[in-house]
Amino acid sequence: MVGKSTKSMNLVREALAQGLYTQIVGRRIVYFSRVGSTMDEAAREGEKGSEEGVVVVADEQMQGRGRLRRKWVSEPGNLYLSVLLRPPPDVLSLLMVIAGVVTARAIRESSGLRVRLKWPNDVMLRGRKVAGILAEGVATQEGEGYVALGIGINVNSDPSHLPELAAVATSLSREKGVPLSRGALLRHILQELDHLYLGFRRGDVPLDEWRGYLETLGRRVRVAFQGEVYQGLAEDVDARGNLVLRREDGTRITLPAGEVAYLR
Ligand code: BT5
């Protein structure tokens with residue numbers, strides 16, 4: 001069952017036009033034409049005890065964010081959403097796996113474009129970042145913790161007019177050459193997320209599909225993590241989504257997160 005949103009708006013109306021077939025994700029959709037960050041709004045829903053599956057979507061964010069307080073440029077024309085989930089504790093890295101697969105599938109289904117993933121959370125199209133994923137969790141002793149799972153996708157507005165993003169960012173429409181429907185993309189995201197999240201609650205994680213999207217594997221990389229820099233071959237990911245790095249001296253290290261730079 002999908003609840004009705006409280007305001008009328010094109011993006012959500014378009015997403016729901018053909019029906020939304022989900023059990024959890026999108027039970028309720030909260031829409032903002034402009035918001036600080038959908039992450040904060042999803043967290044607000046989490047704090048007030050809302051059921052999981054609430055989706056917060058915005059046309060524009062004034063304080064869109066990435067990891068480590070970095071900025072996520074959030075102009076109108078793109079898709080910004082956060083989903084409130086209440087998974088078991090300690091699964092943030094697995095939710096990143098799910099969100100990566102969801103994003104890759106939804107982009108392909110709605111545009112035909114095939115993205116790759118740069119471990120852990122960058123969604124890449126022809127070597128440039130087209131989307132980002134962010135999971136923020138709050139654990140409580142009473143077991144009422146929650147996760148806000150955020151996805152930002154450059155759909156019709158290409159942030160590469162900004163000097164700092166010119167070389168590294170792109171949008172779906174720029175790569176496709178035509179404007180794309182944000183509503184259709186949103187619908188695919190919600191349906192794929194619902195499907196994979198239901199599977200996840202039964203213990204299924206689409207690790208092999210995720211591996212297949214990961215452009216990072218098999219490459220020589222430098223990874224910055226918590227003030228240290230590690231260098232080596234990105235050999236594999238383990239069952240929790242951690243990166244397995246084989247260092248030049250042959251030893252292996254497993255990294256749960258970090259900033260990857262490719263080496264030649
Ligand atoms: C991410 O962080 O990639 C996660 C981005 C998550 C954004 C969504 S939008 C909906 C929800 N609400 C929020 O406030 N956030 C989530 P990170 O790996 O830290 O990447 C951030 C870096 O990506 C920045 O430092 C820039 O270099 C680059 N960047 C910023 N805006 C971009 C954009 N629109 N497109 C491509 N790259 C961008």
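Residues numbered from 1 in each chain as written. Predicted model: local features only at pLDDT ≥ 70, side-chain atom pairs only at ≥ 80, totals over all residues. Heavy atoms only, no water.

1. Brief notes about the overall build of the protein chain
Quick note on the threshold: Only DSSP runs of H or I with at least four residues qualify as helices, and only runs of E with at least two residues qualify as strands; both kinds are numbered from the N terminus onward. Atoms considered for the radius of gyration are the C-alpha atoms alone. The globule rule reads 2.2 Å times the number of residues to the power 0.38. The criterion used for residue contact is that any of the two residues' heavy atoms lie within 4.5 Å. In these tables, accessible area is a Shrake-Rupley quantity obtained with a 1.4 Å probe, and a residue counts as shielded only by the protein chains included in the view. Positive charges come from Lys and Arg, negative ones from Asp and Glu, while His and the chain ends are left out of the count. To locate a charge, take atom NZ for lysine, CZ for arginine, CG for aspartate or CD for glutamate.
Within the protein chain, the secondary structure is distributed over six helices and 12 strands. For the protein chain, whose C-alpha radius of gyration is 18 Å, the value lies close to the compact-globule estimate of 18 Å for 264 residues. Along the three orthogonal principal directions, the C-alpha set of the protein chain runs to about 60 × 50 × 30 Å. Put simply, 65% of the contacts in the protein chain that link residues at least 6 apart link residues at least 24 apart. Surface summary for the protein chain: the accessible area is close to 12,500 Å², and the carbon and sulfur share equals 49%. For the protein chain, the centre of its 37 positive side-chain charges and the centre of its 32 negative side-chain charges are spaced 4 Å apart.

2. Here's the deal with the environment of Thr140
Let me state the cut-off plainly: Note on classification: 1.4 Å probe, protein chains only; a residue is buried when its accessible area is under 20% of the maximum for its type, exposed when over 50%, partly exposed between these limits.
In this fold, Thr140 is placed in the loop between strand 6 (128-138) and strand 7 (146-153). Assessed through its relative accessible area of 31%, Thr140 is described here as partly exposed.

3. What about the side chain of Thr170?
Rule in force here: For this analysis, a polar contact is any N or O atom pair within 3.5 Å, provided that within protein one partner can donate a hydrogen and the other can accept it, and provided that sequence-adjacent residues contribute only side-chain to side-chain pairs.
If you trace the backbone, Thr170 turns up in the loop between strand 7 and helix 4 (172-176). We classify Thr170 as buried; its relative accessible area is 0%. A polar contact is formed between the side chain of Thr170 and the side chain of Glu175, at a distance of 2.6 Å. For Thr170, the residues in contact, after removing those within four places along its chain, are Leu125, Arg128, Lys129, Val130, Asn154, Asp158, Pro159 and Glu175.

4. Side note on the sheet that holds strand 7
Selection criterion: Pairing between strands is defined by DSSP: at least two bridges between them are needed. Under this scheme, a helix contributes an axis fitted over its contacting stretch, all axes are lines through C-alpha atoms, and angles between N-to-C directions fall in the 0 to 180 degree range.
Strands sit in the order 1-2-3-7-6-5-4 across an open sheet of seven strands; the sheet is mixed. Looking at the sheet topology across the chains shown, the edges are occupied by strand 1 (29-32) and strand 4 (116-118). Geometrically, the sheet is characterised by an average inter-axis angle of 20° between neighbouring strands, direction not taken into account. The sheet strands contacting helix 3 (residues 92-111) are strand 3 (79-85), strand 4, strand 5 (122-125), strand 6 and strand 7, and the helix crosses strand 6 at an angle near 145°.

5. Digging into the sheet that holds strand 12 (residues 259-262)
Spatially, 11-10-9-8-12 is the arrangement adopted by the five strands of the open sheet, whose pairing is antiparallel. Two strands bound the open sheet, and with one partner strand each, they are strand 11 (252-255) and strand 12. Each strand of the sheet is rotated relative to its neighbour by a mean of 45°, with strand direction disregarded. Bridge count for strand 8 (residues 220-225) against strand 12 is four bridges, and the pairing is antiparallel. For Arg222, the partnering residue across the bridge sits in strand 12 and is Ala261.

6. Considering the side chain of Lys118
Applicable threshold: A pair is scored as a salt bridge if a Lys or Arg side-chain nitrogen falls within 4 Å of a carboxyl oxygen belonging to Asp or Glu.
The residue Lys118 is located in strand 4 in this model. For the buried Lys118, no salt bridge is present, and the opposite-charge side chain at shortest range is Asp122, 4.7 Å distant. Polar contacts involving the side chain of Lys118 include one to the main-chain carbonyl oxygen of Val260, which spans 3.0 Å.

7. Here's the deal with helix 2 (residues 38-47)
Side chains that are three or four residues apart share a direction in an α-helix, a result of its 3.6 residues per turn. Definition in use: The directions considered for the arc are those from the helix axis to the C-beta atoms.
Taken together, the buried positions of helix 2 are Thr38, Met39, Glu41, Ala42, Glu45 and Gly46. Buried residues in helix 2, looked at end-on, bunch into an arc of 165°, giving them a common side. The inward-facing, buried residues of helix 2 abut strand 1, strand 2 (55-58), strand 3, strand 6 and strand 7. For helix 2, the capping residue at the N-terminal end is Ser37, with a side-chain oxygen 3.0 Å from the backbone nitrogen of Met39. Of the residues flanking the end of helix 2, it is Gly49, one or two places downstream, whose phi is positive at about 85°.

8. Observations concerning the confidence of the model for the protein chain
Convention followed: Known as pLDDT, the predictor's per-residue confidence is scaled from 0 to 100.
For the protein chain, mean pLDDT is 93; residues scoring 70 or higher make up 96% of the total. Residue range residues 1-8 is modelled with pLDDT below 50. Its contacts to residues more than four positions away, or to other chains, number 13 contacts.

9. A word on the packing of helix 3 against helix 5 (residues 182-201)
The following threshold applies: Left-handed is the label given to a crossing in which the near helix is rotated counterclockwise from the far helix by less than a right angle, and right-handed is the label when the rotation is clockwise. Residues are grouped as follows: nonpolar covers Ala, Val, Leu, Ile, Met, Phe, Trp, Tyr, Cys and Pro; charged covers Asp, Glu, Lys and Arg; every other residue, Gly included, is treated as polar.
At a minimum axis distance of 8 Å, the contact between helix 3 and helix 5 shows a crossing angle of 140°. Between helix 3 and helix 5 lies a crossing of right-handed hand. On helix 5, the residues that touch Leu94, Leu95, Ile98, Val101, Val102, Arg105, Ala106, Ile107, Glu109 and Ser110 of helix 3 are Ala184, Leu185, His188, Ile189, Glu192, Leu193, His195, Leu196, Tyr197 and Phe200. Its residues assigned to classes, the contact of helix 3 with helix 5 comprises 14 nonpolar, three polar and three charged.

10. Concerning the site of the ligand
Quick reminder of the rule: Summary of the distance rule: residues count as near a molecule or strand when at least one heavy atom falls within 4 Å of that molecule or strand.
In the vicinity of the ligand there are 27 residues, among which Ser37, Arg65, Arg70, Lys129 and Asn154 approach most closely. With respect to the ligand, the side chain of Thr38 contributes an N or O atom lying 3.0 Å from a nitrogen atom. Contact with the protein chains removes 91% of the 790 Å² of surface that the ligand exposes when unbound. Those elements giving two or more residues to the shell around the ligand turn out to be helix 2, strand 3, strand 6 and strand 7. A total of four residues in the shell around the ligand trace back to one element, the largest contributor, which is strand 6.

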